[in-house]
Amino acid sequence: MLNLRITAYLSTPLAAYDNWSPSIDSLLEWMLLDKLGLVSPNPTPQQVEDSRTIVAANMPITKGDLKGQWYWQVSSPCYTILAENQDRFRKRWEPGIDTPNPNWGKRKAKVDTSQGAEKSYDLPLPLRTIDRIDWYAIGDVEGVQSLLEPCTSLGKKRSIGNGQISRWQTIPIEYDWHLWGKNGELMRPIPLECMPVDRPIDFAPLRWGWRPPSWLHTNKTNCAMPIHNVRRLTDAP
Amino acid sequence: MFDNYNIFDRKKTRLHCVITTQSPLSHIGTVTGNVSNLKTLERIDINGDRRSVFAYSGNALRNGVIRRRGVSKALEVLGLEVNPDVHHTLFAGGRIDGSTGSDMELDAQIRKLMPWLSVLGTAKPAKVFGTKDAQMVQGRLNVGSAYLVCFESCDYVYEQFPGLIHPDAIEGIQAILRAKADLTEDPFNVPDKGSIAAYRDAKQNYIPLLRKVMKSWTEYVMVDQTTRRDSTHDTELQKFLPAKEQKLLAGDGEAKKKEKSDQMIASDRLIVPGAKLYSRWDVNCTDVELGFIVDALLAFSESPYIAGKGNRGNGLVSMQFWFEQGIDRGEFMVLGKGVDTLSPTANAAHAKYSEYLSVWSDYLSQAKESQELRGLLSA
C-alpha cells in the first residue's frame, strides 16, 4: 500500500452543502458494492453490518486506527472554489398535458400542485465551480483507480449534469497526508477525543458520520472537522 | 417472465448529444418585468474569468424528452392505464411520504419489469407498487445541461467533444489548457516561474483569436417582441359582446367604468436558429435500458420541440448523438432531420427493447388477471 493522491477533474459545477463531501471512502464503498451488485439505496444498519466483511476484503484503502477505532485512511476533499452561485431545480406534474391521462378511478380528476402530495417545487441548488478535487489516502493505486473509473459525476443532482468528471487520476506520492497535511493541519474528520493535545490545531467541532455510511447513527460522533481543506479564491493573500 | 434478463449486466456508455436549433429557442431563467431572460449557468471560462453562459437544463432534457416521451410510449404500447399515484411516480419522479424501506427484492423487480424506471429512477411513495414503505429507486442515467457552443464554454466542449470546436480555435485551446494543467499539477506548491510565464504567454497569444472565432454567447441571442391586443378594442370583434357592453364601449348611456386594459407587450430573449448546444449523457445500464432511451428519443423525434413557446414554432431542433462504450465509439443516432438514422449499436439496443416490450405485451394479453404485474402497477 502506498501514499496516494486521488484527483477528480471536474467539468461542471459541484452541488454540495458542506466542505467535507464528497468523501472518497464512502464513494469507494458504494462503487465496490455497486460492482458486486450489492448496493442498496437505503440500507438498514443490519445490511451495512452484513456487508462489512465483503467490503473489508475488497476495499483498496488501508484501515487505520485511532484510539481503538478503525477508519479508512483517506483525507477530506481538498479543493479551491473558483466561483459560487445558485441554480434551481424544479418538479412539476401535469397529467394529461404532455403525458397520458391517469385512470382517476373514484378520485375526482383534479390536481393540486400548490400543496399536498403532488406539490410542484422550485428549489435552490448551491453550486461550486471547482477545477479539481484532491484526496490523500493510503491504498492501492490500481484498485482505487479501477473502482473510481465508472464514477462519472459527484455531489448532489448528478442526474441533471452537476459534478461531471472529465477524468480520475490516482498517483503515488511521497508523503502521507491523509490525516495531517503538509503544514500539520487536520485533513479529515476525527473524533474529538482523538485530537492531539500537544499542539494547537485549527478545527471546527461538529457531530459527523466519520466512517461510511455517514448517515448511520452508529458512525456519528462529535468530531474535529478540518477547516483548511476547502479554499476560496478570495482567501488568497 | 424475463428470467433470463439480468438487470446487473450493465455497460457504461457515454452519449454526446449535439443539439442544433432549427428555430429560435426559448428557455427562460428569470423574468424581469415583461422581459424574459434566458437560463444561464455560471462557469469559469478559458481565460479564468467568471462568466454566464446559456444552457438548456439537463433536468428539462431528462424529464421533458426521455421521461415524458419514453414512459408515455411504453404505456401506450402495453395498453396500460395507471392510477394517479403511479402516474405521479412514473412521470414526476414520485415522493417520499413515509418511512423509507430498503426492499432489494422490490428494487430488482422494478428494474426487471419497468426498465424506464430503472433508467430514470423515482422516489416510490408508500403503498405504490404494492408495498407499504416509500423507497428510493436510483436512476442509471445522468443527463448534463446542454451548453451553447461558444467562447464561454469552449474549454468544456473541447474536453468532452473536441469535434464541435471551430478548427481555428483548437490550437489555442490546447495550448492554454496544457499550460493551465502544468500550473495546477501540485496544488500544495507554488508553480515555477517558467510555468507561470508559459500560461501568461498562451493566454496572451491565443485569447484574442479565440474570442474572434468562437463568439460570445450573447452574440447568439435575438429578441422577439410580441403583442396581444385587447379584443374588446377591435371593432370587428365587439359585436360578440353583450349589447350592454357594446353600448358602454360606444359611449352611449352611462360612462363605462375604467378597467385595466388586456393589451400586452412582452419581450423574449431567444437563441438564434443554427446554434449548437452540447450535452454529455452518462449511462450505466443494460442493453434493454439503452434501448428504452433510443425508443424515447424516437418518440421525441415525432415532434422534436424542446423548451417553451412551441405555439409560435420556437424550440424546433435536430439532435445528433455519438457514443463511447469502452474502446468502441462512433455515431449513435440522428433525430429531427426528416428521417431518423440509427447506428447498428442503437439499432441493436432498440431491437432488444422492442423484443422485451413484445414479451411484456404477450404476457399481459395471456395473463390479464396477473396479480403480480397488475399489483405492481396498481393497474
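Residues numbered from 1 in each chain as written. Chains lettered and ligands numbered in written order. Predicted model: local features only at pLDDT ≥ 70, side-chain atom pairs only at ≥ 80, totals over all residues. Heavy atoms only, no water.

Caption draft 1: Up close: the overall build of chain B. Looking only at helices and strands, chain B features 11 helices and 15 strands. Against the compact-globule benchmark of 21 Å for 379 residues, chain B has a radius of gyration of 26 Å, which places it well outside the compact range. Expressed along its principal axes, the backbone C-alpha trace of chain B runs to roughly 85 × 70 × 45 Å. With 379 residues in all, chain B has 50% of them scored as buried. Residue pairs at least 24 apart in sequence account for 73% of intrachain contacts in chain B once pairs closer than 6 positions are excluded. Counting every atom, chain B has about 17,700 Å² of accessible surface; 49% of that belongs to carbon and sulfur. (Helix = DSSP H or I, 4+ residues; strand = E, 2+ residues; numbered from the N terminus. Rg over C-alpha atoms; globule rule 2.2 N^0.38 Å. Buried < 20%, exposed > 50% of the residue type's maximum accessible area, 1.4 Å probe, protein only. Contact = heavy atoms within 4.5 Å. Areas by Shrake-Rupley, 256 points an atom, 1.4 Å probe, with all protein chains shown as cover.)

Caption draft 2: Expanded view of the sheet that holds strand E2 (residues 14–15) of chain A. Residue and element names in this part refer to chain A. Across the sheet, which stays open at both edges, the three strands sit in the order E2-E7-E6 with antiparallel pairing between neighbours. Only two strands of the sheet have a single partner each, and these edge strands are E2 and strand E6 (83–91). Pairing between E6 and strand E7 (residues 121–129): nine bridges, direction antiparallel. Pairing of Arg90 across the sheet is with Asp122, part of E7. (Pairing = 2+ DSSP bridges.)

Caption draft 3: Quick peek at the sheet that holds strand E11 (residues 264–271) of chain B. All names here are of chain B. Strands sit in the order E2-E3-E11-E10 across an open sheet of four strands; the sheet is mixed. Either end of the sheet is taken by a strand with one partner, and the two such strands are strand E2 (28–32) and strand E10 (221–228). When strand polarity is set aside, the average angle formed by the axes of neighbouring strands in this sheet is 20°. Two strands pair when backbone bridges link them, and E10 and E11 are joined in this way by eight bridges, in the antiparallel orientation. Counted as the bridge partner of Gln225 is Ser267 from E11. (Axes fitted to C-alpha atoms, helices over the stretch in contact; angles between N-to-C directions.)

Caption draft 4: Region of the structure containing a nonpolar patch on the surface. Residue and element names in this part refer to chain A. A cluster of nonpolar side chains, namely Leu36, Leu38 and Ile54, defines an oily patch on the protein surface of about 230 Å² accessible area. Relative to the elements of secondary structure, Leu38 occurs in the loop between helix H1 (24–35) and helix H2 (45–58). Relative accessible area serves as the criterion here: at 44%, Leu38 is assigned to the partly exposed category. (Patch = residues over 30% accessible without salt bridge, like charges linked within 9 Å, V, L, I, M, F, W, Y side chains within 5 Å. Salt bridge = Lys/Arg side-chain N within 4 Å of Asp/Glu carboxyl O.)

Caption draft 5: Local environment of the nonpolar core. B:Ile66, B:Leu90, B:Trp116, B:Trp281, B:Ile293 and B:Phe321 are the most contacted members of the largest nonpolar core, which has 103 residues in total. With residues up to four places along the chain from it excluded, the contact list for B:Ile66 reads B:Leu61, B:Val71, B:Leu120, B:Leu141, B:Trp281, B:Phe292, B:Ile293, B:Ala296 and B:Leu297. Judged by nonpolar contacts, the second largest core, of 33 residues, contains A:Met31, A:Leu33, A:Val55 and A:Leu148. (Core = buried A, V, L, I, M, F, W, Y, C linked by side-chain atoms within 4.5 Å.)

Caption draft 6: Local environment of the interface of chain A and chain B. Contacts between the two partners involve 56 residues from chain A, matched on the other side by 55 residues from chain B. The contact between chain A and chain B buries some 4,400 Å² in all, and 48% of this surface belongs to carbon and sulfur atoms. Looking only at chain A, the three residues that lose the most surface to chain B are A:Pro41, A:Trp93 and A:Ile160, adding up to 11% of its buried area. If you look at where chain A meets chain B, you find four salt bridges. Between B:Lys180 and A:Asp131 there is a salt bridge, with its nearest N and O atoms 3.4 Å apart. Summed over the shared surface of chain A and chain B, the number is 21 residue pairs in polar contact (both at pLDDT 80 or more). When residues of the side of chain A that touches chain B are traced back to their parent elements, those giving at least two are strand E1 (2–10), H1, E6, strand E8 (132–139) and strand E9 (165–172) of chain A. For the side of chain A that touches chain B, the class distribution of residues is 20 nonpolar, 18 polar and 18 charged. (Buried area = accessible area lost by both parts, 1.4 Å probe. Polar contact = N/O pair within 3.5 Å; in protein donor to acceptor, adjacent residues only side chain to side chain. Nonpolar A, V, L, I, M, F, W, Y, C, P; charged D, E, K, R; others polar.)

Caption draft 7: Looking closely at the pattern of salt bridges. Summed over the entire model, instances satisfying the criterion amount to 31 salt bridges over all chains. Among the salt bridges present, the one from A:Glu29 reaches A:Arg52, with a minimum N-O distance of 3.1 Å. Linking A:Glu29 in helix H1 with A:Arg52 in helix H2, this pair joins segments that are 23 residues apart in sequence. The same class applies to A:Glu29 as to A:Arg52, namely buried. Here B:Arg51 ties to B:Asp45 by a salt bridge, and the two come within 3.7 Å at their closest N and O atoms. Relative accessible area serves as the criterion here: at 0%, B:Asp45 is assigned to the buried category. Several salt bridges share partner residues, and in doing so they unite A:Arg92, A:Glu94, A:Asp98 and B:Arg68 into one network.

Caption draft 8: Fine view of empty space enclosed by the protein. According to the stated counting rule, one finds one cavity of 30 Å³ or more in the structure shown. By volume, the largest cavity is sized at about 40 Å³. A per-class count over the lining of the largest cavity returns five nonpolar, four polar and no charged. (1 Å grid on protein atoms, 1.4 Å probe; cavity = no way out; pocket = protein on both sides within 12 Å on 5 of 7 lines; lining within 4 Å. Points joined across faces, edges and corners; volume = space filled by probe spheres on them.)

Caption draft 9: Layout of the pairing of strand E3 (residues 35–38) of chain B. Residues and elements named next belong to chain B. Bridge count for E2 against E3 is three bridges, and the pairing is antiparallel. The partner of Val31 across the bridge, within E3, is Ser36. As judged from the two bridges shared by E3 and E11, these two strands associate in the parallel manner. For Val35, the partnering residue across the bridge sits in E11 and is Ser267.

Caption draft 10: The arrangement of the environment of A:Asp176 in detail. All names here are of chain A. By secondary structure assignment, the location of Asp176 is in the loop between E9 and strand E10 (190–191). Judged by relative accessible area, Asp176 falls into the partly exposed class, the value being 34%. When the C-alpha positions of Asp176 and Ile138 are compared, they lie 7.2 Å apart, and in sequence the two are 38 residues distant. Excluding residues within four positions of it along the chain, Asp176 makes contact with Asn3 and Ile138. At a separation of 2.8 Å, a polar atom in the side chain of Asp176 contacts the side chain of His178.

Caption draft 11: Geometry of the side chain of A:Asn229. All names here are of chain A. By the secondary structure assignment, Asn229 is in the loop between strand E12 (220–225) and strand E13 (230–232). With relative accessibility at 3%, the residue Asn229 sits in the buried group. Every residue in contact with Asn229, bar those within four places of it in the chain, is listed here: Asn19, Trp20, Ser76, Pro77, Cys78 and Tyr79.

In short, shape yes, function no, at least from these values alone.
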